[in-house]
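So you can see what is in the structure, the chains are spelled out below.
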Amino acid sequence: MLVLQDVSISTDNKEILNNVNLEFGPGVHYIVGPNGAGKSTLAHAIMANPKYNVTGTMKFKDTVLTDLATWERAQLGLFLSFQNPTPIEGMSNFRLIKESLKMDSTKKIMDELNGFKGLAADLGLPSDWDKKELNVQASGGEKKKNELIQLKMLNPDVAILDEPDSGLDVDAINDLIIQLNNFVDTNKTVIIVSHYEKLLKSFNPATVTVVANHTTTQTTDATTVDTILSNGFKDFA
Amino acid sequence: MAYEYPEGFVTPVESDDFEPGLTKETILKLSALKNEPAWLTDFRLNAFDHLQKIKEPNWSTVNYKPIDFQAMRYYSAPKFTNKDDIPQDVLDTFEKLGVPLHERDALLGLAPKVAVDVIMDSVSIATTFQAELAEHGIIFCSISEAVQHHPELVKKYLGSVVSYKDNYFATLNSAVFSDGTFCYIPKGVRCPLELNTYFRINARNTGQFERTLIVADDDSFVSYLEGCTAPAFTENTVHAAIVELVAMTKAEIKYSTVQNWYPGDENGIGGVLNFVTKRGLCKGDYSKISWTQVETGSAVTWKYPSCILRGDNSVGEFYSVAVTKHQQQADTGTKMLHVGKNTRSTIISKGISSGNSINTYRGMVRMGKNAHNSRNYTECDSLMLNNSRALTLPTVMQYNSSSIVEHEASTGKLSEEALYYLQCKGLTEEDAINCLVTGFCKSVFQQLPLEFAAEANKLLSVTLEGAVG
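The rules behind the values
Residues numbered from 1 in each chain as written. Chains lettered and ligands numbered in written order. Predicted model: local features only at pLDDT ≥ 70, side-chain atom pairs only at ≥ 80, totals over all residues. Helix = DSSP H or I, 4+ residues; strand = E, 2+ residues; numbered from the N terminus. Rg over C-alpha atoms; globule rule 2.2 N^0.38 Å. Buried ≥ 20, exposed ≤ 12 C-beta atoms within 10 Å, placed from the backbone. Contact = placed C-beta atoms within 7 Å. Pairing = 2+ DSSP bridges. Axes fitted to C-alpha atoms, helices over the stretch in contact; angles between N-to-C directions. pLDDT = per-residue confidence, 0-100. Parallel < 35°, antiparallel > 145°, perpendicular 65-115°, else oblique. Left-handed = near helix turned anticlockwise from the far one by under 90°.

1. Points about the overall build of chain B
Consideration 1: Along chain B, the regular secondary structure elements total eleven helices and 24 strands.
Consideration 2: For 469 residues, the compact-globule formula gives about 23 Å, and the C-alpha radius of gyration of chain B, at 21 Å, lands near that figure.
Consideration 3: Overall, chain B is about 65 × 55 × 50 Å in size when its C-alpha atoms are taken along their principal axes.
Consideration 4: Residues counted as buried form 56% of the 469 residues belonging to chain B.
Consideration 5: The contacts in chain B between residues at least 6 apart in sequence include a share of 83% that link residues at least 24 apart.

Shown next, in the form of structure tokens:
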């Protein structure tokens, strides 16, 4: 369970979000809102992106996150899929998995590599995807597929997905939906930041959070999505 | 985190030492001790005479206390009667350093099978797999042994690439060199083993002056690697070496260095002053010489492994990773001198600096007037981890109109964004830094022999420990 209590987020002394109170239990959660309202900021603040100053309390698995570095939060079970994954030259896609999972035995590495190759093949990625440089010379869609492979391999408890559908074609989005359904079936939490109608209609969300007017509103009423898709965000303005 | 240099211990060993000081008598004594032929004694004396006429260079980007050349020793050899009688302390030292003095370990599969020449202070103490190499006609021995057993080869090539008048430290070395490695690969032979020299400084206040000479005859191939370490003394130790390579028609020499001399402490106390002249001559057509270096050690490094591309269609390569931290100073790079037609050279230099260190790439590409249709590609990248300094000083000289020289350079810091991305995926900050730095060096590490690439990665992460903060 991820809980945010009275959280404020600012950057360069500019307030972005205030009075944020949210709870994310098992299941799918949506974060929606107009462009530039601070949806991505919220996702990155949870991961302690050094760009943001955060006050208030965040808790995950009853641990207060305040003093934890980004990697400590990740190792505790939080995961962020990036809207624009950062290119890392000289590092292969599989090396990231290998480093993150701290694989020490050759057998474990071989098993995980086979798992990786299977996932890459299922997503229609080239057969040498494991060796390709991380987010270098990959298309937007390939990068998103790679983020999905990371999610599957690293198997966190909470996955925050920032616009996971951008750059993906219809078939790939269907794959994404299947994978995310499998993921939440194991009692995990998925938090999706998206605008995309197809994605927002594909799950039965546990909560919907609207980010607007420098704050957040969370509801368990799934019909909020339909209201937004037909009326936009003006009701929240 | 405190900086560790695990190789910084001293071995208690009885040694035969010269008194400190450098005179004509020192050279005559050294030459007599080694039972050298007259031509070699003369070679040394000519160098000594020339040394009296020249001055130590003063470099624009390198600072160190003046060296008192009369205060150091020019010869120190661990005492033992023959190579089968090496003192246990010395054996233990190389065991601790992971250098296989016996063929046994490699034959049992405990160590990679490489032929090793081990040099401690002023002398070679062991050379392995000589018999096996001899079956292929390959000569691999200390240069002192080569002078005794293959004088015609040594006489022909010694000083043929680096003249004793080349520069101050080359002149000094030519006068006082005490040992080193000699290697000859006959025509048409592909050397079946990696050849390796390990240099160890152990004695205090003693300069190490070694010489390496490698000759690859027509159509031959050899891959050679040198490694080195030294104790953590509080005063500086001078290391002035010469390496000469000669590649005949269609021969290829791949020369790799992992330089890990004691770098001094965090405040710049102690450390090796590493003044090395390395040069390869691509003498024959279609010959190739490739230098790969990983430089993490030494208080001051000053070296420019170079290629003279004399043969038509010959190829020169230089791949370098130089890491500096604390107060270290590295001034390194290469010279690619294109003489023959259709010659090609590639320079890839990666500098990583942290602390108060200074890391300079100094390079020269010269396209001679007859080097028609030649090409050079140079890429110099610097990564600065904090407030350190990185300099790139390239020189290009073009004397013909059909050659092409390309130079790309970049300077940057570790990307905050990349560090954050990797941490979001569960990598610790230290692992993330390591991944980014090894990624930065990847194109150079790929050039190292397989057995040493992993070691280079490890050395890099040990070196960077605590260097970033």
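2. Some thoughts on the pairing of strand 18 (residues 329-332) of chain B
Residues and elements named next belong to chain B.
Consideration 1: Here strand 18 shows no split at all, with Gln329 and Asp331 on one side and Ala330 and Thr332 on the other all buried.
Consideration 2: Summarising the sheet, strand 15 (residues 300-303) and strand 18 pair through four bridges and their orientation is parallel. Residue pairing across strands places Lys303 opposite Thr332, the latter belonging to strand 18.

3. Remarks on the interface of chain A and chain B
Consideration 1: Across the boundary between the two partners, chain A contributes 21 residues, which contact 20 residues of chain B.
Consideration 2: Secondary structure elements with two or more residues in the side of chain A that touches chain B: helix 2 (70-76), strand 7 (88-92), helix 3 (93-100) and helix 5 (140-154) of chain A.

4. Quick word on the sheet that holds strand 11 (residues 207-212) of chain A
All names here are of chain A.
Consideration 1: Pairing in this open sheet of six strands is mixed, and the strands run 6-9-10-3-11-12 from one edge to the other. For this open sheet the edge positions go to strand 6 (78-81) and strand 12 (215-219), each flanked by a neighbour on one side alone. For this sheet, the mean inter-axis angle between neighbouring strands, taken without regard to orientation, is 15°.
Consideration 2: Here strand 3 (residues 27-32) pairs with strand 11 via four bridges, running parallel.

5. Details of unusual backbone geometry
Consideration 1: Of note in the backbone geometry, Asn135 of chain A takes a positive phi value of approximately 60° without being a glycine.
Consideration 2: Secondary-structure assignment places Asn135 of chain A in the loop between strand 8 (133-134) and helix 5.
Consideration 3: Look at Phe129 of chain B: it is not a glycine, yet its phi comes out positive at around 60°.
Consideration 4: Secondary-structure assignment places Phe129 of chain B in the loop between strand 4 (123-127) and helix 5 (130-134).
Consideration 5: Phe129 of chain B sits in the buried class, given 21 other C-beta atoms within 10 Å.

6. Some details on the environment of Tyr255 of chain B
All names here are of chain B.
Consideration 1: With respect to the secondary-structure elements, Tyr255 resides in strand 12 (residues 252-259).
Consideration 2: Its 23 C-beta neighbours within 10 Å are what place Tyr255 among the buried residues.
Consideration 3: Once residues lying within four places of it in the same chain are set aside, the contact partners of Tyr255 are Tyr224, Leu245, Ser290 and Trp291.

7. Concerning the confidence of the model for chain A
Consideration 1: In this model, chain A carries a mean pLDDT of 93, and residues with pLDDT of at least 70 account for 100%.
Consideration 2: The secondary-structure element of chain A with the lowest mean pLDDT is helix 7 (residues 197-200) of chain A, recorded at 84, while strand 6 of chain A shows the highest, at 98.

8. Some thoughts on the sheet that holds strand 12 of chain B
Residues and elements named next belong to chain B.
Consideration 1: Overall, mixed pairing links the ten strands, which are arranged 4-3-7-9-12-14-17-20-22-24 in an open sheet. In this open sheet, the two strands that pair with only one neighbour each are strand 4 and strand 24 (404-413). Strand-to-strand twist in this sheet, taken as the mean axis angle between neighbours without regard to direction, amounts to 10°.
Consideration 2: In this sheet, strand 12 lies alongside strand 9 (residues 221-229) in parallel orientation, the contact comprising eight bridges.

9. Comments concerning the packing of helix 4 (residues 106-122) of chain A against helix 5 of chain A
Relative placement of two packed helices is described by the angle separating their axes and the distance separating the axes.
Residue and element names in this part refer to chain A.
Consideration 1: Running from N to C, helix 4 and helix 5 point in directions that differ by 140°, and their axes come no closer than 10 Å. Here helix 5 runs oblique to helix 4, going by the angle between their axes. Like other packed secondary-structure pairs, helix 4 and helix 5 cross with a definite hand, here right-handed. Contacts between helix 4 and helix 5 involve Glu112, Gly115, Phe116, Leu119 and Ala120 from the first element and Ile149, Lys152 and Met153 from the second.

10. Things to note about the packing of helix 5 of chain A against helix 6 (residues 170-185) of chain A
All names here are of chain A.
Consideration 1: At their nearest, the axes of helix 5 and helix 6 sit 12 Å apart, and the two run at 15° to each other. For the element pair helix 5 / helix 6, the angle class is roughly parallel. Note that helix 5 runs across helix 6; the crossing there is left-handed. Between helix 5 and helix 6, the contacting residues are Gly141, Lys145, Leu148 and Lys152 on the first element and Ala172, Leu176 and Gln179 on the second.

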